[in-house]
Amino acid sequence: MFLQFFEALRAAKLPVSLKEYLALMDAMDRHVIAEDVNEFYYLSRSLLVKDERNLDKFDRVFGEVFKGLESAADLKTEIPEDWLKALSERFLTEEEKKQIEALGGWEKLMETLRKRLEEQKGRHEGGSKWIGSRGTSPFGNSGYNPEGVRIGQREGRHGRAVKVWDRREYKNLDDTVELGTRNIKVALRRLRQWARDGAATELDLPGTIRDTADKGYLDLRLVPERHNAVKVLLLLDVGGSMDPHIRLCEELFSAARSEFKHLDFFYFHNCPYEALWKDNRRRQTDTVPTLDVLHKYPRDWKLIFLGDAMMSPYEISMPGGAVEYWNEEAGAVWMQRLLDHFSHAVWLNPAPEKHWAYTVSVDLITQLVAGRMFPLTLAGLDGAMRELGR
Amino acid sequence: MMKFSGTASYIATPDLAVAVNAAIALERPLLVKGEPGTGKTELAFQVAAALDAPLITWHVKSTTRAAQGLYEYDAVTRLRDSQLGDPRVGDVKNYIRRGKLWEAFDSPKRPVLLIDEIDKADIEFPNDLLLELDRMEFFVYETGETVKAQVRPVILITSNNEKELPDAFLRRCFFHYIKFPDRQTMQAIIDVHFPGIKKTLVNEALTSFYNLRDMPGLKKRPSTSELLDWLKLLLVDDIAPDTVREHDAKKLIPPLYGALLKNEQDVHLFERLAFLARRG
């Protein structure tokens, strides 16, 4: 049974190794936990999951493998399925849900729940516990209430309406969901390259010892402090279809600004053409020729495009395709110039990956950047940074 | 064996207690992550108190190297002493400074070793400690001796997620992610910190607090330690529960909010929302 669990975890791409599995067996042998499925869940979670992004995956696998285990081990009296269903319907009907929403109260909802719980207690004094499960009870159902109501609080550990792992509280830590600044910073750090330059201010101990031994007297050696030497040029798409992603882009932008000492940015609309700009309010008057950008920034700068690449295909492939003005040369030509100059380049796309296939322009851009398009999620950013760090 | 299940001043959720006890029983390090201010570092102090064990803390900084935790050989002092003709210079042992790990390995009673904020150090730092944490022994090159743990210490490691830790290191650890406490747990936490606090005040404060946390667009959401600070302030100033609520009154911003919001932009955002709510 445990082997099956282990295999299911591996199949779900959770990085668990034999060593951890053996440790789990060891822990079971030594009776580290009481014979209780909740404790087993906690134990296996702390041993097998090493990254909070994987917690959700783990919960799902655990729920699948050990489905029905709790009810088999824990239930003393059988409660008919219909009864459960009826109860849940009685608990909160659609109307009631609406009513509660209209009353505008989470507090209110809690109160109702509390009252019902008390009723519930009164009716079942015979030692049987009442249970609910996802799908039948409205409480704890993540669709209706994302936090999950902990019905069992006052009844102790066994009274939970929803199994701990079924609550899936770690849902938003999965690495395919969009991220906050801090996470972005962590991902951006992959790009770090340490280099020493500047004034020699740090004591170089090995150098000092070596030179002192050579010369026979104390000879202090200093080296410059090391710092992050990565240089990044960020080109951001603004306006139009990018508006829904603005928050995410802001987050990436602010994270990048604090992470890289050498960071410069320009804006473009949909596709870069012969001019870029730095201030969106003066985009018509105050532009910088793209050729100047190419000449100003050396090849070792890393180029990051940030845009959804959703536009008319003509904006990429045809001269005069730009939405705002007449462009002499096609967007693809300018893209190619940029990519030829900056050998390290990626395109980050805030639009969900599953939508990409439906847009021709995304395909065109992906071809232009030779497949280096990544979604703006933690996993995507990670991949992009690896690509740039090569 | 003694089981850890929280202390008089620390509420441990059942999953945390299982993780701690399993790590103690299997003598493996426990890696603790979670939002800032959810009691990661405090956990080590409480485990030490609960087990009645000495606590050794090693606070990691960006400049900390793994070798510093084992020992340091002070070559410069020895060189100076040799030039001054100090008799101690003959014995290399005089110039070996013990690190925190050595201290922990040498303790006759099982200690609790806290390696705080391991993610602050260089990316290679955890890799350099693999063997030491696994076997609980290391070799001192200068003197040729092997330092071996008398009793394997309980090791707690905290991380703020600034860097990813290497797989090889993670495989040797237990892991626990302290999730943000829900209302009931928070209530319990407040009860152990402020016994005898007025129920109404706690209720109002908690409502305000969770509303604040749920506000979209906050740069730094307040956490447990900030809530406790805020409650302390409220108690010191003897603020009435009604003032904390202020659902409909003219000012919607809770009193002394400086304890909760630590970011200028957050305060602005909050004021703006409060203003809109007042109009509407």
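Bear in mind that the values here come from a model prediction, so they are computed numbers and not experimental data.

1. Some remarks on the overall build of chain B
Next up, step 1: A tally of helices and strands in chain B yields 13 helices and nine strands.
Next up, step 2: With 280 residues in all, chain B has 49% of them scored as buried.
Next up, step 3: In chain B, of all internal contacts separated by at least 6 residues, the share reaching a separation of at least 24 is 73%.
Next up, step 4: Accessible surface for chain B amounts to roughly 13,400 Å². Of this, 51% is attributable to carbon and sulfur atoms.

2. Quick notes on the interface of chain A and chain B
Next up, step 1: Counting residues at the interface gives 41 residues for chain A and 36 residues for chain B.
Next up, step 2: Roughly 3,400 Å² is buried in total at the junction of chain A and chain B, and carbon and sulfur atoms are behind 55% of that figure.
Next up, step 3: B:D134 serves as the salt-bridge partner of A:K19, at 3.9 Å between the closest nitrogen and oxygen.
Next up, step 4: Of all elements in the fold, only α2 (18-29), α3 (37-48), α10 (181-188) and α11 (205-215) of chain A reach the threshold of two or more residues within the side of chain A that touches chain B.
Next up, step 5: The element contributing the most residues to the side of chain A that touches chain B is α3(A), with six residues.
Next up, step 6: When the residues that make up the side of chain A that touches chain B are grouped by side-chain class, the tally is 17 nonpolar, five polar and 19 charged.

3. Describing the nonpolar core
Next up, step 1: By size, the foremost hydrophobic cluster in this structure holds 84 residues, and its most contacted members are A:F5, A:F58, B:L43 and B:I157.
Next up, step 2: Here this core gets eight residues from one element, more than from any other, and that element is helix α1 (residues 14-25) of chain B.
Next up, step 3: Every residue in contact with A:F58, bar those within four places of it in the chain, is listed here: A:F5, A:L9, A:L14, A:Y41, A:S44, A:R45, A:L48 and A:V49.
Next up, step 4: A:L294, A:Y297, A:M335 and A:V362 belong to the second-largest nonpolar core, a separate cluster that totals 31 residues.

4. Some words on the environment of B:I178
All names here are of chain B.
Next up, step 1: Note that I178 resides in strand β9 (residues 174-178).
Next up, step 2: For I178, a relative accessible area of 10% gives the class buried.
Next up, step 3: Considered as a pair, I178 and G39 are 139 residues apart in the sequence and their alpha carbons are 8.3 Å apart.
Next up, step 4: Sequence-distant contacts of I178, defined by excluding residues within four places in its chain, comprise Y10, V32, K33, G34, E35, T38, G39 and K40.

5. Considering the confidence of the model for chain A
Residues and elements named next belong to chain A.
Next up, step 1: Looking at chain A as a whole, the pLDDT averages 72, with 66% of positions reaching at least 70.
Next up, step 2: Across residues 71-90, confidence stays below pLDDT 50; counting only partners more than four residues off in sequence or on other chains, it has 23 contacts.
Next up, step 3: Here residues 121-162 is modelled with pLDDT under 50, and outside its nearest four sequence neighbours on either side it reaches 72 contacts, counting other chains as well.

6. Section: the pattern of salt bridges
Next up, step 1: Enumeration over the complete set of coordinates arrives at 23 salt bridges over all chains.
Next up, step 2: Between A:K50 and A:E20 there is a salt bridge; the shortest N-O distance is 3.0 Å. Residue A:K50 is located in the loop between α3 and α4 (55-65), and its partner A:E20 is located in helix α2; the two are separated by 30 residues in the primary sequence. The exposure classification of A:K50 matches that of A:E20, with both residues buried.
Next up, step 3: A network of salt bridges, in which partner residues are shared, links A:K19, B:D134 and B:R172.

7. Let's talk about the packing of aromatic side chains
Residues and elements named next belong to chain A.
Next up, step 1: All chains considered together, the criterion is met by 28 aromatic pairs over all chains.
Next up, step 2: Geometrically, the ring pair formed by Y41 and Y42 is tilted, given 5.5 Å between the ring centres and 50 degrees between the ring planes.
Next up, step 3: Looking at Y41, the relative accessible area reads 1%, which means it is buried.
Next up, step 4: Measuring from centroid to centroid gives 4.6 Å for F62 and F66, while their planes differ by 40 degrees, and the two rings are tilted.

8. Regarding the sheet that holds strand β1 (residues 30-34) of chain B
Strand pairs in the sheet, formed through backbone hydrogen bonds, run parallel or antiparallel to each other.
Residue and element names in this part refer to chain B.
Next up, step 1: Pairing in this open sheet of five strands is parallel, and the strands run β2-β5-β8-β1-β9 from one edge to the other. The outermost strands of the open sheet, each flanked by one partner alone, are β2 (55-59) and β9. On average, adjacent strands in this sheet sit at an angle of 20 degrees to one another, irrespective of strand direction.
Next up, step 2: Sheet topology places β2 next to strand β5 (residues 112-116); five bridges connect them, and they run parallel. Residue T57 lies in a different strand from β5, and its bridge partner there is L114.
Next up, step 3: Packed onto the sheet, helix α2 (residues 40-51) meets β1, β2, β5, β8 (154-159) and β9 and runs at close to 175 degrees relative to β5.

9. So, the pairing of strand β7 (residues 145-148) of chain B
Residue and element names in this part refer to chain B.
Next up, step 1: Of the strand pairs in this sheet, strand β6 (residues 137-140) and β7 are connected by four bridges, and their pairing is antiparallel. Bridged to E137 within β7 is K148.
Next up, step 2: The hairpin turn running from β6 into β7, its antiparallel successor, is four residues long, and G144 in that turn takes a positive phi close to 75 degrees.

10. Digging into α11(A)
Helical geometry note: an α-helix holds 3.6 residues per turn, so side chains three or four residues apart project in the same direction.
Residues and elements named next belong to chain A.
Next up, step 1: All of the buried residues along α11 are G207, T208, D211 and T212. When α11 is viewed along its axis, its buried side chains cluster within an angular range of 125 degrees and face the same direction. Exposed and oriented more than 90 degrees from the buried face of α11 are P206, R210, A213 and D214.
Next up, step 2: Backbone geometry just downstream of α11 places G216 in the positive-phi region, at approximately 90 degrees.

11. Quick notes on the pairing of β1(B)
All names here are of chain B.
Next up, step 1: Among the five residues of β1, five are classified as buried, and the element is accordingly described as predominantly covered.
Next up, step 2: Direction of pairing for β1 relative to β8: parallel, over a ladder of four bridges. Along β8, the bridge assignment pairs L30 with L156.
Next up, step 3: Bridge count for β1 against β9 is five bridges, and the pairing is parallel. Bridging from a neighbouring strand, K33 pairs with Y177 of β9.

Cut-offs and rules
Residues numbered from 1 in each chain as written. Chains lettered and ligands numbered in written order. Predicted model: local features only at pLDDT ≥ 70, side-chain atom pairs only at ≥ 80, totals over all residues. Heavy atoms only, no water. Helix = DSSP H or I, 4+ residues; strand = E, 2+ residues; numbered from the N terminus. Buried < 20%, exposed > 50% of the residue type's maximum accessible area, 1.4 Å probe, protein only. Contact = heavy atoms within 4.5 Å. Areas by Shrake-Rupley, 256 points an atom, 1.4 Å probe, with all protein chains shown as cover. Buried area = accessible area lost by both parts, 1.4 Å probe. Salt bridge = Lys/Arg side-chain N within 4 Å of Asp/Glu carboxyl O. Nonpolar A, V, L, I, M, F, W, Y, C, P; charged D, E, K, R; others polar. Core = buried A, V, L, I, M, F, W, Y, C linked by side-chain atoms within 4.5 Å. pLDDT = per-residue confidence, 0-100. Phe/Tyr/Trp six-rings, centres within 6.5 Å; stacked < 30°, edge-to-face > 60°. Pairing = 2+ DSSP bridges. Axes fitted to C-alpha atoms, helices over the stretch in contact; angles between N-to-C directions. Arc of directions from axis to C-beta.

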